[in-house]
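Here is what each chain is made of, one letter per residue.
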Amino acid sequence: MLPALAVAAGLASFSLAPGADTVLAVPPGFSLNVANYAGEVFVEGWDRNAVRIRSEHSDEDRVTVLSGRGVMMVKAASKHEEDREANLRLQVPLWMNVSISGIHTDVIVNGTRGQVKVETVHGDVIVRGGRRRIDLNTVNDDICVSDAAGTIRAETVNGDAYVWRAQSDSVDVSTVNGDVVYEGSMGDAGVYRFASHNGDVAVTVPRAANAAIAVSTFAGDFESNFPVTLSGTHNPKRFQFCVGNCSARVDLESFQGTIQLYRAAEAASARVQRMDAIVGRIVEQRERTEDLQSRIEQARRGVKKVFERSKKRHEIHETREEELGGGDGE
Amino acid sequence: MSDRYTDRLSDYVDQDLEGAERAELERHLRECEECASTLSDLKRVVARAGALADEATAPAPDLWPGIVARIREPRPRAVPIGGGGAASDHRRFFSVPQLLAACLVAAVLSGTAVWFSQRSAPHETGELIPGSASRNAAAEPASSHPGASATAVEELRAALASGRDDLDPATVRTMEESLMVIEIAIREARRALDADPHNTYVRAHLDETMRRKVELLHRATMLASATR
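These remarks concern the structure in this document. (Residues numbered from 1 in each chain as written. Chains lettered and ligands numbered in written order. Predicted model: local features only at pLDDT ≥ 70, side-chain atom pairs only at ≥ 80, totals over all residues. Heavy atoms only, no water.)

Re the packing of aromatic side chains
All names here are of chain A. Spelled out, the test is: For Phe, Tyr and Trp, rings pair up if their centres lie within 6.5 Å, where Trp contributes its six-membered ring, and each pair is then called stacked (planes under 30 degrees apart), edge-to-face (over 60) or tilted (otherwise). Helix and strand definitions here come from DSSP, where helices need a minimum of 4 consecutive H or I residues and strands a minimum of 2 consecutive E residues; each element is numbered from the N-terminal end. To sort residues, take the accessible area from a 1.4 Å probe on protein chains only and compare it with the maximum for the residue type: under 20% means buried, over 50% means exposed, and anything in between is partly exposed. Two conditions define a charge sitting above a ring: the NZ of Lys or the CZ of Arg must be within 6 Å of the ring centre, and it must be within 35 degrees of the ring normal.
The tally for this structure, following the rule as stated, stands at 6 aromatic pairs over all chains. Note on Phe222 and Phe241: the rings are 6.0 Å apart at their centroids and 55° apart in plane angle, and the pair reads as tilted. With Phe222 in strand β21 (residues 221-224) and Phe241 in strand β23 (residues 238-243), this pair connects stretches of sequence that are 19 residues apart. Both residues of the pair, Phe222 and Phe241, count as buried. Through successive ring pairs, a cluster of aromatic residues spans Tyr182, Tyr192 and Phe194. Above the face of the Trp46 ring, Arg48 is positioned so that its terminal group lies 4.8 Å from the ring centre. A cation over a ring is seen here: Arg263 above Phe226, with NZ or CZ 4.9 Å from the ring centre.

Considering unusual backbone geometry
All names here are of chain A. Residues other than glycine seldom take positive phi values, yet Asp147 does so here, at roughly 60°. Following the sequence through the fold, Asp147 ends up in the loop between β13 (143-146) and β14 (151-155). Residue Asp147 is classed as partly exposed on the basis of its relative accessible area, which comes to 27%. Despite not being glycine, Arg165 has its phi angle at roughly 50°, a positive value. Taking the relative accessible area as the measure of exposure, Arg165 reaches 36% and is therefore partly exposed.

Digging into the nonpolar core
Short version of the rule: Buried Ala, Val, Leu, Ile, Met, Phe, Trp, Tyr and Cys residues form a nonpolar core when they are joined through side-chain atoms within 4.5 Å. We call two residues contacting when some pair of their heavy atoms lies within 4.5 Å.
Residues Leu90, Phe194, Ile213 and Leu252 of chain A are the most contacted members of the largest nonpolar core, which totals 65 residues. Setting aside residues up to four positions removed in sequence, Ile213 of chain A forms contacts with Val205, Phe239, Gln240, Phe241, Val243, Val250, Leu252 and Leu261 of chain A.

Considerations on the state of the cysteines
Heads up, the rule is: Cysteine sulfur atoms that pair up within 2.5 Å are treated as a disulfide.
Enumeration according to the criterion identifies 1 disulfide over all chains in this entry. The side chain of Cys242 of chain A participates in a disulfide bridge whose partner is Cys246 of chain A; the two sulfur atoms lie 1.7 Å from each other. The S-S bond linking Cys242 of chain A to Cys246 of chain A shows a torsion near 125°; that makes this disulfide right-handed. Given the relative accessible area of 35%, Cys242 of chain A is considered partly exposed. Of the cysteine sulfurs around Cys32 of chain B, a residue in no disulfide, the closest is that of Cys35 of chain B, at 3.8 Å. By relative accessible area, which is 9% here, Cys32 of chain B ends up buried. Given a relative accessible area of 0%, Cys35 of chain B falls into the buried group.

Here's what the structure looks like:
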C-alpha cells in the first residue's frame, strides 16, 4: 500500500529521511529535476499524476525535495565523495519530462513518455522509452537507449553508445573511445549521424529505408553485409551511396575503427535480443529490490502482530493470576 | 493494563537493555513461556528481515559487466571498396598505460595552441564537410573564433586547476583521463590533417573533437565551482 499523498502544486521544500517513501501529487505539465552526486537514480513511468520518491542514503547526507513553479527537484546533497552514495527510486507520471544529473551516478529511466535529459560523468546511462527529445551525456561510461521516439542525442567520451528500436527522424550518437551501435528507424526525412574516433560504428539499415549514406574514415575500414553501389568519387575512405530513393541523410564516421553496415532482418538481431535481455535484467533487479523492501515491510508488520498476540496472551495470563490471587486472599 | 516485559523485548533483541533491566527481563524469560516464545518469534523475524535488508541494499552491480563481449555481433563480410584486402581490426582503444604515458607528454597543452595556429592559417579556413549543417553548428565554438576559443580553453584550464582541490580525486582522475583520451584523438587527427590537408572529414572531425574538449573543460570547471 502506498503512503499518503501530498500535493506538490504549491511551493514546498522538505527533507527525506533515510529509507523514506513519499508520494507527491503533481499537476500535468510539471517536470522533474534530479541531482545526485553519487549512487544511482532509477526512474520509472507509472499511470498516476504523482511522483513517488524512495531514497536510501546515510544519516549524514540529506535528500531534499523542492517543488513549485512547474518543477519538482530532488537533490541528494551528500558530501562530495564517491563512496557516499544515495540511491533514489522514483516513479513518475508517464508524461513527465525528466532531467537527471550526477557525477558518480548510474542512471536508469524506464518506460516514461516525456523528454529525458541525463548528464553524468562516471556512470552508465540506460533509457528505455522517452519521447520528443532524448539528450544523454556521460563522460566515462556507456549509453544505452531503446524504444525512444523523437530527437535523440547521445554522447560519451570513453564509452560505448547503443541505440535500438528507436523511432526518430533525428539521431546523433557519438563517442571518442568506444563503439556506436544503431538499430532503429530511418525516416525518409531523417538526419542521422553516428561517429567514433577509436571504435567501430555498426548501423542496421531498415529494409524500407530511403537514405543517402555517407561513409568517412581516415584509417579505418568499411564492411557491409549487403552490396552497395557507390556514387560520386571513389575514394576508399570517403564515399557515398544510396539505398532506396536517397531521401534521408545518414553520416557514418570512424577515424580509425570499422564502419559496419547491416541490412535489417525480419526479426530483431541477436545483438538487440541480447541487449534487451541485459536491460530487462537490470530493470528487473531494481524492481526485485523494491519487492524485497515490500517484504521487509511485511516482516515488520509480522513483528507487530507477534507483539499484539503476545500482549493479549499476557493480559489473559495476568488476569487469571489476579483472579487466582484474589481468590486466595478472600 | 500494560505488558512491561513484551514492550521491552524489542530493545532486548537490539541489545539496548542494560544492567538490572536486562537481568530482570532475562529472569522473566526463564519463567514465562509466552515471552520466551515471543522472543524466539521476534528473533526469527528480525533475522529474516535483516537478510532481506542486506539483499535489498547490496551495492548495485555495475550495469554493463562485460557487455561488449556479450553483445558483439558477428561482423559483416568486408565489401571490397578499394580498402585493400580483408578487413583488419583497426580498433585501437586507449589503454590506461597509454593514457598514463600520454600524461607525461608535455606537448599535450601545446597541441591545442598548435592546432589553433593551424586553424587560423589562411589555407585551413575552408568549408567543413558539405551537407552536415548540424555538425558545422556544433563545431562553431571551436572553429569560428579560434583566438577566442584558445583563450577560453586556457581560461577553463586555469579555472579547473584552481578548483582541482575542490573535486574528489576520482572525479579529477576521470576528467583527466577523459581529457587525455580527447587530447590523443586531437593529436591523431592533427597528424592526419598534416598528411592530408584537404581532407574535409578529418578537419570536421578535428573541429568536433575540439568542441568536446571545450565542453569537457567547461563541465569540469562548473563542477569545481559548484562544489566550493
